[in-house]
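Residues per chain, in single letters:
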Amino acid sequence: DSGVTQTPKHLITATGQRVTLRCSPRSGDLSVYWYQQSLDQGLQFLIQYYNGEERAKGNILERFSAQQFPDLHSELNLSSLELGDSALYFCASSASLRGRSPDEQFFGPGTRLTVL
Amino acid sequence: QKEVEQDPGPLSVPEGAIVSLNCTYSNSAFQYFMWYRQYSRKGPELLMYTYSSGNKEDGRFTAQVDKSSKYISLFIRDSQPSDSATYLCAMRGSYIPTFGRGTSLIVHP
């Protein structure tokens, strides 16, 4: 168990809908990262937040947005969903004194999103 | 050409074999190199982390980086059925990591 929690585990929705994925980082971690993993694209970095502020942006679509709250949990909002958005969405956290390196990221179990 | 290339496998080996997993990359700015292990229906977990070229050993695992060839490897000695998983290489220059697509490894008893 990495200490990172994600809810829900599974999400089934229809095209055009909007969903919110939630992540709680490990205790003491200030950074949260979001990733999308699909069979054809592999693990793609979406966005990083550090202590409430956006730190880095990857291949995140304009239909997707994220935020990190004062209690450090984060939410990833996906809107106008398309069939191609079906994937595993992972959250990871880092910046803990307990890490083996300053950059070690601990991944949550993921949310499996299915868009029908 | 993708920035990071990794053969998806699957790679099937008998228990006790030495396993070699590899990635090639094209971005000279990459300085940090990582290997993650991902079991089915789980998130990736960091196995090895190296900076720049050279070798790093941790138990049965050895990570090797050859920056001149833009080639990294992960060796697993005395492989066990519990090593069956997908292994992803990852690398970065600054903040944004780039992952390989992962190699599926099957170690059969």
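As a reminder, the structure under discussion sits directly above these lines.
Conventions used here
Residues numbered from 1 in each chain as written. Chains lettered and ligands numbered in written order. Predicted model: local features only at pLDDT ≥ 70, side-chain atom pairs only at ≥ 80, totals over all residues. Heavy atoms only, no water. Buried < 20%, exposed > 50% of the residue type's maximum accessible area, 1.4 Å probe, protein only. Helix = DSSP H or I, 4+ residues; strand = E, 2+ residues; numbered from the N terminus. Pairing = 2+ DSSP bridges. Contact = heavy atoms within 4.5 Å. Buried area = accessible area lost by both parts, 1.4 Å probe. Salt bridge = Lys/Arg side-chain N within 4 Å of Asp/Glu carboxyl O. Polar contact = N/O pair within 3.5 Å; in protein donor to acceptor, adjacent residues only side chain to side chain. Phe/Tyr/Trp six-rings, centres within 6.5 Å; stacked < 30°, edge-to-face > 60°. Lys NZ or Arg CZ within 6 Å of the ring centre and 35° of its normal.

Caption draft 1: Main features of the pairing of strand β8 (residues 74–78) of chain A. Residues and elements named next belong to chain A. With 5 of 5 residues buried, β8 lies mostly within the body of the structure. The alternating pattern of β8 places S74, L76 and L78 on one face and E75 and N77 on the opposite face, and all of these are buried. Bridge analysis of strand β3 (residues 19–24) against β8 gives 5 bridges, and the strand direction is antiparallel. What sits directly across from R22, in β8, is E75. In the sheet, strand β7 (residues 64–68) pairs with β8 via 5 bridges, with the strands oriented antiparallel. Opposite F64, over in β8, you have L78 as the bridge partner. Taking the residues between adjacent antiparallel strands as the criterion, β7 and β8 are bridged by 5 residues, where L72 takes a positive phi near 80°.

Caption draft 2: Quick peek at the interface of chain A and chain B. Listed by partner, the interface residues are 21 residues for chain A and 19 residues for chain B. Carbon and sulfur atoms supply 52% of the area buried between chain A and chain B, which totals about 1600 Å² over both sides. One can count 0 salt bridges joining chain A with chain B. Across the chain A-chain B interface, the total number found is 2 residue pairs in polar contact (both at pLDDT 80 or more). Contributions of two or more residues to the side of chain A that touches chain B are made by β4 (31–38), β5 (42–50) and β6 (53–57) of chain A. Counting residues per element, the side of chain A that touches chain B draws most heavily on β5(A), which supplies 4 residues.

Caption draft 3: Spotlight on the packing of aromatic side chains. What the rule picks out here adds up to 12 aromatic pairs over all chains. Ring centres of Y35(A) and F45(A) lie 5.7 Å apart, and the angle between their planes is 70°; this geometry places the pair in the edge-to-face category. Residue Y35(A) is located in strand β4, and its partner F45(A) is located in strand β5; the two are separated by 10 residues in the primary sequence. Assigned by exposure class, Y35(A) and F45(A) land together as buried. Ring geometry for Y32(B) against Y51(B): centres 5.0 Å apart, planes inclined by 45°, an arrangement best described as tilted. In this pair, Y32(B) is assigned in strand β4 (residues 32–38) and Y51(B) in strand β5 (residues 45–51), connecting sequence segments 19 residues apart. Taking the relative accessible area as the measure of exposure, Y32(B) reaches 22% and is therefore partly exposed. In textbook terms, an aromatic cluster arises when at least three aromatic residues are bridged by ring pairs, as seen for Y35(A), F45(A), F90(A), F107(A), Y36(B) and F99(B). Cation over ring: R26(A) sits above F106(A), and NZ or CZ is 3.7 Å from the ring centre.

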